[in-house]
4 protein chains.
Amino acid sequence: MLENLKRDVFDANLRLVEYNLIISTWGNVSGIDRDKNLVVIKPSGVDYDEMTADDMVVVDMNGNVVEGELKPSSDTPTHIELYKAFPGINGITHSHSTYATVFAQALMEIPCLGTTHADNFYGSVPLTRFLTEEEVMSDYEKNTGLVIIERLAGMQIESAPGILVAGHGPFCWGKSPAESVEKNLILEKIAEIAFKTLSLNKDVQNLPDYILNKHFMRKHGPNSYYGQMKQQGEK
Amino acid sequence: MLENLKRDVFDANLRLVEYNLIISTWGNVSGIDRDKNLVVIKPSGVDYDEMTADDMVVVDMNGNVVEGELKPSSDTPTHIELYKAFPGINGITHSHSTYATVFAQALMEIPCLGTTHADNFYGSVPLTRFLTEEEVMSDYEKNTGLVIIERLAGMQIESAPGILVAGHGPFCWGKSPAESVEKNLILEKIAEIAFKTLSLNKDVQNLPDYILNKHFMRKHGPNSYYGQMKQQGEK
Amino acid sequence: MLENLKRDVFDANLRLVEYNLIISTWGNVSGIDRDKNLVVIKPSGVDYDEMTADDMVVVDMNGNVVEGELKPSSDTPTHIELYKAFPGINGITHSHSTYATVFAQALMEIPCLGTTHADNFYGSVPLTRFLTEEEVMSDYEKNTGLVIIERLAGMQIESAPGILVAGHGPFCWGKSPAESVEKNLILEKIAEIAFKTLSLNKDVQNLPDYILNKHFMRKHGPNSYYGQMKQQGEK
Amino acid sequence: MLENLKRDVFDANLRLVEYNLIISTWGNVSGIDRDKNLVVIKPSGVDYDEMTADDMVVVDMNGNVVEGELKPSSDTPTHIELYKAFPGINGITHSHSTYATVFAQALMEIPCLGTTHADNFYGSVPLTRFLTEEEVMSDYEKNTGLVIIERLAGMQIESAPGILVAGHGPFCWGKSPAESVEKNLILEKIAEIAFKTLSLNKDVQNLPDYILNKHFMRKHGPNSYYGQMKQQGEK
């Protein structure tokens, strides 16, 4: 069942390692079949060297395992909330990639300091609030999804392909599992360059709005002209 | 004698290089056979390219060589003291991995600034005091073990899979030689993220206790639910 | 048409990835045939894994596609302006390499703090001004070329094999596409060392002029004595 | 002539690249045959991909080429002065390795902040003064050797396997070409850890003298006990 999606999700999880976005088992990628309303996700805590595409777990929108021998990622309820809230996304990546996690731990949004950022995020990379003690005590992973959705209220999901969860790390998304990993790679590089820019010049100002607008719109939306036709709107 | 353990210890030592935790010969991994009360450890100062599993040295709990042509690691007495003090550990890794060594040299414990840390250490990564001149002059390596044990007095060994020796570097441990190397890899990443978080925001506060508790208990102890059954309690 | 130049441009683009100067599709290298007055450049937004030498696009000096199925890099007009202004250069590289981009975002020229720098740039690495809103609104990429040329007015192009565009990133050049990538690699390392030097000692002074002169002239100009005869004047 | 030494020098030069101590052609390793009083060194500015062992150049103690088609490294006179001054060294490496160069540019000796350092340098990593304008104008490379020797006056060469030339970068040495590269690798890691320690805690004190003594003497001199017999006194 869902063999192609399992393969896509498996490949995307391996790419987390290849891109140096995770060590150990610290990450998970999922994908959704919007027709069947089923999510495929990495099993929890399994060594990447031993994992196969068949180990991917299929869950329904309540988090019940529909197929698979293994327990799904403990972060599965977070993924499900995001898929429910944002119909436009079909893949989600969670990692503890270094520089994105640094901003999440420092409780700082990533300001837009250059065109590298503006090509990908329309403004600061958003940061959630901390979960309350009550939100942590019950349904922690589901509530993690809800604080993400709370932070994105009123925003276009296309304007931010990822977010930082306070004290935790990044979640990223895209039109496919592979694209969500690509967005995490991009977020990590944006975070690294911003970190070092702030270290070199703590008084640096945000990129002027007219350059932010130009760069974001060059790659996104109806008047984008970056890339080939078939890839219009993609990175 | 102890061929399997020699192989495990050898493989774990090679992984130190693969994980970029050491350069040159700056590290050593050991394992213990609790039934025979014998420790297997890397020989001292031997080039990793030339080392074989048969070069691993077997010593008894007094540090006497029981089998092996080569001298054991000069840090062997430190390992032995830790095995005597903590019956729950069966593998030990010592390295000079960069960021862990930076905190050890800066004489700072690593504060718990995020869930990456909380998943693995239940509170700050502990730091020993400096050895006194007397402790350095006689039985230096044994006394290094004793100051580690002194620092951990009253703590559960499960709550800290590693420690920083002041001015020196990390020692890590686990249920096997391989797990002790994995813990060093994790400590190194935690140290890197903490270093950069403090660089970005020197006024950052520790992660709220209720999130620390949640994350540590999600992966450790009787109510852990991360990973598969067979791996319960492991990372 | 221009098969050799296409191969050179293709190889140089792949080298951007190999040298870790870019992630994703964030870079472009071009080359010029000065006899035919045609530029060969990477297509826009194409995955490096799928790109072949035949995908390189040939454009004339007005940016019109002369050969090729794909759209040329959106930065093509910037490259063309530079080729028109500087007859001595035959290859151009644009990337968002980390440390060079950090200085561009911090709005700081890279001061000459050591002989590594002096071997390659005769003085600070120059930085452009921001483009105005008007310059961004129409002919953005062409105007990016013009602000680079404005900043270099009165300088010998040989004294600066690259420049930082404010809030954006580096452009580098050389006698061939391959050399322009090599100059980006060198600029990135110079930027990294300068960044860390300033972090360690913010009061550091520029290298004395007599050492700057010695090192730059040792490798460039009529009295250079670095390298072999056939390579005189090259790095 | 000197085929074995040419092979050793060639291999050691390649290792500079493998260890990420250099990019481009920014480094050179030499070796000396003390019986014949001849030095073998890398040719100047030759691409590492194209270089063979036969390209190594043989020079006498006045810098005259005795064998070889290519020009020797422009830094050859520096190497020769060091071989003349220090009969105990048989291999020399010069590079612009990042963190060592950062301290050289910041005009700071590297303080001994931990046992990683104390295992290898008996006290701070020394730094030369700047060469004067006169010293730069004539016989620059020879004078670079002389300021190194000036700085080391009164020191045991064994207590410092390398030095930083102000505003330039490191020179390292050892009993063979290979060992001199190994010392550069070690110096680079020591510099990195010191840089980050100072960044984390600018008020950190030097390692207590009794620990410095213990660690240096554990690996060097008549009472060393690190490593195997045949390797006594080596790292």
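Just so you know, these numbers come straight off a predicted model, no measurement behind them.

**Student:** Which residues make up the overall build of chain A, and what are the values?
**Tutor:** The helix and strand tally for chain A stands at 8 helices and 7 strands. Taking 18 Å as the expected radius of gyration for a compact globule of 235 residues, we find that chain A reaches 17 Å, a close match to that expectation. Out of the 235 residues belonging to chain A, those deemed buried represent 65%. Sequence separation of 24 or more characterises 64% of the internal contacts of chain A that already satisfy a separation of 6 or more.

**Student:** How would you summarise the environment of Ile190(D) if you had to cite specific residues and measurements?
**Tutor:** Residue and element names in this part refer to chain D. Here Ile-190 lies in helix H7 (residues 177–200). Each C-alpha atom, one on Ile-190 and one on Ala-118, is 9.6 Å from the other, the two residues being 72 residues apart in sequence. With sequence-adjacent residues up to four places away left out, Ile-190 is seen in contact with Ile-110, Thr-116, His-117, Asn-120 and Phe-121.

**Student:** Hey, could you go over the arrangement of the chains for me, with residue numbers and the actual values?
**Tutor:** Kept free of each other, chain B and chain C leave a smallest C-alpha distance of 11 Å between them. Separated in space, chain A and chain D share no contact, their closest pair of C-alpha atoms being 11 Å apart.

**Student:** Give a detailed account of the interface of chain D and chain C, specifying residues and quantitative values.
**Tutor:** Quite often, the size of an interface is put as the accessible area lost when its parts meet. In this complex, chain D contributes 33 residues to the contact, which on the side of chain C involves 32 residues. It is Trp26(D), Lys71(D) and Gln105(D) that lose the most area in chain D upon contact with chain C, and together they represent 21% of the buried surface on that side. The tally of links from chain D across to chain C stands at 2 salt bridges. We note a salt bridge from Asp75(D) to Arg218(C), for which the minimum N-O separation is 3.5 Å. When contributions to the side of chain D that touches chain C are tallied by element, the ones reaching two or more residues are helix H3 (98–106), helix H5 (133–137), helix H6 (140–152) and H7 of chain D. The greatest single-element share of the side of chain D that touches chain C, amounting to 7 residues, is contributed by H3(D). Broken down by class, the residue content of the side of chain D that touches chain C amounts to 17 nonpolar, 12 polar and 4 charged.

**Student:** Explain the relation of the copies chain A and chain B residue by residue, including any values.
**Tutor:** By a simple turn and slide, chain A fits onto chain B: the slide is 0.0 Å along the axis, the RMSD is 0.0 Å, and the turn is 90 degrees. As the rotation angle and translation indicate, the two copies are arranged about a four-fold axis. Residue Ser199(A) of chain A places its C-alpha closer to the rotation axis than any other residue of that unit, at 5.6 Å.

**Student:** Break down the sheet that holds strand S7 (residues 169–174) of chain C for me, citing the residues and quoting the values.
**Tutor:** All names here are of chain C. In spatial order, the strands read S4-S3-S2-S1-S5-S7-S6; together these 7 strands make up an open sheet with antiparallel pairing. Every other strand in the sheet has two partners, leaving strand S4 (65–67) and strand S6 (162–165) as the edge strands with one partner each. Direction aside, neighbouring strands of the sheet carry axes that sit 25 degrees apart on average. By the bridge criterion, 3 bridges tie strand S2 (residues 38–41) to strand S3 (residues 57–59) in an arrangement that is antiparallel.

**Student:** Hey, could you go over the UniProt feature "domain: Class II aldolase/adducin N-terminal" (unreviewed entry) in chain A for me, with residue numbers and the actual values?
**Tutor:** Per the UniProt record, "domain: Class II aldolase/adducin N-terminal" (unreviewed entry) is found at residues 7–195 of chain A. The span residues 7–195 of chain A is 38% helical and 17% strand by assignment, and the distance between its end C-alpha atoms comes to 35 Å.

**Student:** Tell me what's going on with the pairing of S7(C), and back it up with residues and numbers.
**Tutor:** Residue and element names in this part refer to chain C. Burial within S7 is extensive, with 6 of its 6 residues counted as buried. As defined by bridge partners, strand S5 (residues 91–95) adjoins S7 across 4 bridges and the pair is classed as antiparallel. Bridge assignment links Gly-91 to a residue of S7, and that residue is Gly-174. Sheet analysis places S6 next to S7, joined by 4 bridges and oriented antiparallel.

**Student:** Summarise the interface of chain A and chain B; cite the residues concerned and give the values.
**Tutor:** Listed per partner, the contact involves 33 residues of chain A and 32 residues of chain B. A per-residue breakdown of the area chain A buries against chain B is headed by Trp26(A), Lys71(A) and Gln105(A), which together make up 21% of the total. At the boundary of chain A and chain B, one finds 2 salt bridges. Our count for the contact surface shared by chain A and chain B stands at 17 residue pairs in polar contact (both at pLDDT 80 or more). Where the side of chain A that touches chain B is concerned, the elements lending two or more residues are helix H3 (98–106), helix H5 (133–137), helix H6 (140–152) and helix H7 (177–200) of chain A. Ranked by residues supplied to the side of chain A that touches chain B, first place goes to H3(A) with 7 residues. Here the side of chain A that touches chain B is composed, by residue class, of 17 nonpolar, 12 polar and 4 charged.

**Student:** Tell me about the packing of helix H1 (residues 3–18) of chain B against helix H7 (residues 177–200) of chain B, residues and numbers included.
**Tutor:** When two helices pack together, their arrangement is given by the angle between the helix axes and the distance between those axes. Residues and elements named next belong to chain B. Following both chains from N to C, one finds H1 and H7 inclined at 15 degrees, their axes separated by 8 Å at the closest point. Regarding the angle of H1 to H7, the classification is roughly parallel. Every pair of crossing elements has a handedness; the one defined by H1 and H7 is right-handed. Mapping the contact onto sequence places Leu-5, Asp-8, Val-9, Ala-12, Arg-15 and Leu-16 in H1 and Pro-177, Ala-178 and Val-181 in H7. Taken together, the residues of the contact of H1 with H7 sort by class into 7 nonpolar, no polar and 2 charged.

Analysis parameters
- Residues numbered from 1 in each chain as written.
- Chains lettered and ligands numbered in written order.
- Predicted model: local features only at pLDDT ≥ 70, side-chain atom pairs only at ≥ 80, totals over all residues.
- Heavy atoms only, no water.
- Helix = DSSP H or I, 4+ residues; strand = E, 2+ residues; numbered from the N terminus.
- Rg over C-alpha atoms; globule rule 2.2 N^0.38 Å.
- Buried < 20%, exposed > 50% of the residue type's maximum accessible area, 1.4 Å probe, protein only.
- Contact = heavy atoms within 4.5 Å.
- Buried area = accessible area lost by both parts, 1.4 Å probe.
- Salt bridge = Lys/Arg side-chain N within 4 Å of Asp/Glu carboxyl O.
- Nonpolar A, V, L, I, M, F, W, Y, C, P; charged D, E, K, R; others polar.
- Least-squares fit on C-alpha atoms with pLDDT ≥ 70 in both.
- Pairing = 2+ DSSP bridges.
- Axes fitted to C-alpha atoms, helices over the stretch in contact; angles between N-to-C directions.
- UniProt positions renumbered as here; feature names shortened; annotations may be inferred.
- Polar contact = N/O pair within 3.5 Å; in protein donor to acceptor, adjacent residues only side chain to side chain.
- Parallel < 35°, antiparallel > 145°, perpendicular 65-115°, else oblique.
- Left-handed = near helix turned anticlockwise from the far one by under 90°.

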